[in-house]
Amino acid sequence: MFIAVEDLKKNYYTGKSKTEVLKGVSLGLEKGQTGVILGPSGSGKSTLMNIIGGVDLADSGSICVDGLELAALNDDQLTDYRRDSVGFIFQFYNLVPNLTVMENIEVVSNISKAPLDMNEVLKAVGLETKKKKFPRELSGGEQQRVAIARAIVKNPKLLLCDEPTGALDYETSRSVLSLLQKINRDLGTTILMITHNAAIGEMANVVYKVRSGEIVETIRNEETTAAERIEW
Ligand code: ADP
Ligand code: MG
């Protein structure tokens, strides 16, 4: 398994009250696959994804990504893992407002080590004519494409997308999702995506249904290949 999560537990404590956010989550995803975490707001999806991405820590359980046991890494190794192996995409893009498209991609992604050609990436995300624009001059869909370019220019093994279409209209969502499918197909990037939209589950190899910190159902669509799955 490329991602192997076993019996992951996480609690938050506020004052005297304890919130059990993850109550023993286990999941597996093969290299090159797309996994979708589907569940209502507050069910622990972002916490799970942040732990897999090495930006939050579990209380117990094990997380293994491409043979790396995250709990066994020291701080420097965890920083390397986050920087070199993981690309993050969020609902609200998280672009730097006073930097251009090009600068947002270069600066934030530490491009000196980027293995992908910047112009190829800009072309792939459809932004080759917008590289000198500022975020405020772009539509929501275009801003999300900048965020996607920033995440993939370092050619991460794993792309973690937290409600990437949550702020977009239907048509724009479709085009962003088809861009993510293209990245999965062309670069072989393993994608784990959070959504509360069940229709998005159709583009996944595996759907994990989450309720109140537990995976209540795992649906595998492995008989279909990426090309056969729903065209967005
Ligand atoms: P989702 O992404 O499914 O909406 P989250 O993982 O963001 O869910 O949150 C799950 C639960 O954990 C929620 O009840 C939320 O309020 C709580 N939570 C998340 N982060 C924190 C935090 N830093 N401190 C306390 N509670 C938190
Ligand atoms: Mg969330």
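Residues numbered from 1 in each chain as written. Chains lettered and ligands numbered in written order. Predicted model: local features only at pLDDT ≥ 70, side-chain atom pairs only at ≥ 80, totals over all residues.

Asker: Is there a simple way to explain the site of ligand 1 in this structure?
Answerer: Near ligand 1 the following residues occur: Tyr12, Thr14, Thr19, Val21, Gly39, Ser41, Gly42, Ser43, Gly44, Lys45, Ser46 and Thr47. Looking at the shell around ligand 1, the elements with two or more residues in it are strand E1 (3-14), strand E2 (17-29) and helix H1 (45-52). With 3 residues, H1 is the single largest residue contributor to the shell around ligand 1. Grouping the constituent residues of the shell around ligand 1 by class yields 2 nonpolar, 9 polar and 1 charged. (Near = placed C-beta within 6 Å. Helix = DSSP H or I, 4+ residues; strand = E, 2+ residues; numbered from the N terminus. Nonpolar A, V, L, I, M, F, W, Y, C, P; charged D, E, K, R; others polar.)

Asker: Help me understand the environment of Thr195, please; the structure alone is not making it clear to me.
Answerer: Here Thr195 lies in strand E8 (residues 190-195). Residues Thr195 and Ala151, 44 residues apart in the sequence, show an inter-C-alpha distance of 18 Å. Beyond its immediate chain neighbours, meaning those up to four positions away, Thr195 contacts Val36, Leu38, Glu163 and Ile200. (Contact = placed C-beta atoms within 7 Å.)

Asker: Honestly, the pairing of strand E3 (residues 34-38) in this entry has me stumped. Any pointers?
Answerer: It is a general feature of regular strands that their side chains alternate between the two faces of the sheet. Extensive coverage of E3 is indicated by the burial of 5 of its 5 residues. Side-chain alternation along E3 places Thr34, Val36 and Leu38 on one buried face and Gly35 and Ile37 on a second face that is also buried. Pairing of E3 with E8 involves 5 bridges; the strand directions are parallel. Considered in E8, the bridge of Val36 is made with Met193. (Buried ≥ 20, exposed ≤ 12 C-beta atoms within 10 Å, placed from the backbone. Pairing = 2+ DSSP bridges.)

Asker: Could you clarify how one ought to interpret the sheet that holds E3 in this entry?
Answerer: Strands pair in a sheet through their backbones, by hydrogen bonds, and they do so in one of two ways: parallel or antiparallel. Taken together, the 6 strands give an open sheet; going across it, the order is E6-E7-E8-E3-E9-E10, and neighbouring strands pair in mixed fashion. Since the sheet does not close on itself, it has two edges, and those belong to strand E6 (86-90) and strand E10 (214-220), each with one partner. Shown here is a sheet whose adjacent strand axes are inclined to one another by a mean of 15 degrees, direction ignored. Taken together, the 4 bridges between E3 and strand E9 (residues 206-211) define a ladder with parallel strand orientation. The residue bridging Val36 from the neighbouring strand is Val207, located in E9. Sitting on the sheet, helix H5 (residues 140-152) is in contact with E6 and strand E7 (158-162), with an inclination near 170 degrees to E6. (Axes fitted to C-alpha atoms, helices over the stretch in contact; angles between N-to-C directions.)

Asker: Where do I start with unusual backbone geometry in this structure?
Answerer: Peptide bonds are, in most cases, trans, and in most cases residues other than glycine have a negative phi. The phi torsion at Asn94 lies on the positive side, around 55 degrees, for a residue other than glycine. Counting through the fold element by element, Asn94 comes out in the loop between E6 and helix H3 (101-109). Using a count of 13 C-beta atoms within 10 Å as the deciding quantity, one classes Asn94 as partly exposed. Phi is positive for Asn155, which is not a glycine, with a value near 50 degrees. Turning to its location among the elements, Asn155 is positioned in the loop between H5 and E7. The class of Asn155 is partly exposed, set by 17 C-beta atoms lying within 10 Å.

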